[in-house]
Amino acid sequence: MEKFLSIPVTNASGVTTNTLVAVTEVLGIEPDAGAVTTQTEIRYRNGREVTITHASVGAASATNSGTQFRNFLQEEMVKLLQKDWTNVVEVVNPKFAVSAIVVS
């Protein structure tokens, strides 16, 4: 059974719509190598990638891992996967505003 996180995305005009992001068959979640503080990538078994552009998590330092958005996604995915199979969509509200979700 496919499961999804419903993530609010606010565009440049200030309009917010929720986008579904699959939580099954995830291989990895990592900050994007080219934009580590503002983009996070989800890689799937079928080769698909989802890139989420979000507010800056700040540069990695001794007190900032720079992976807060990745950790948020991972925790929410695990929680949803542990729920009953009839619970297929979970609306989440990330601490960092999301401005785009691109599937490739």
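Heads up: the structure comes first, above all this text.
Notes on the overall build of the protein
Part 1 of the reasoning: In terms of regular secondary structure, the protein is built from one helix and seven strands.
Part 2 of the reasoning: Starting at the N terminus, the α and β elements of the protein follow one another as β-β-β-β-β-α-β-β.
Part 3 of the reasoning: Taken over C-alpha atoms, the radius of gyration comes to 13 Å for the protein, in line with the 13 Å a tight globule of 104 residues would show.
Part 4 of the reasoning: Taken over the C-alpha atoms alone, the protein extends approximately 40 × 30 × 25 Å along its principal axes.
Part 5 of the reasoning: Evaluated residue by residue, the protein yields a buried proportion of 38% over its 104 residues.

As for the sheet that holds strand β2 (residues 16-22)
Part 1 of the reasoning: Spatial strand order, β2-β1-β6: three strands in an open sheet with mixed pairing. Every other strand in the sheet has two partners, leaving β2 and β6 (89-91) as the edge strands with one partner each. The mean angle between the axes of side-by-side strands here comes to 35 degrees, regardless of whether they run parallel or antiparallel.
Part 2 of the reasoning: Bridge count between strand β1 (residues 4-10) and β2: seven bridges; the pairing is antiparallel. Its bridge partner lying in β2, Ser6 is registered against Leu20.
Part 3 of the reasoning: Along the sheet, helix α1 (residues 68-81) contacts β1, β2 and β6; its crossing angle with β1, the most-contacted strand, is approximately 140 degrees.

Cut-offs used in this document
- Residues numbered from 1 in each chain as written.
- Predicted model: local features only at pLDDT ≥ 70, side-chain atom pairs only at ≥ 80, totals over all residues.
- Heavy atoms only, no water.
- Helix = DSSP H or I, 4+ residues; strand = E, 2+ residues; numbered from the N terminus.
- Rg over C-alpha atoms; globule rule 2.2 N^0.38 Å.
- Buried < 20%, exposed > 50% of the residue type's maximum accessible area, 1.4 Å probe, protein only.
- Pairing = 2+ DSSP bridges.
- Axes fitted to C-alpha atoms, helices over the stretch in contact; angles between N-to-C directions.
- Contact = heavy atoms within 4.5 Å.

Just geometry here; none of it tells us what the structure is for.
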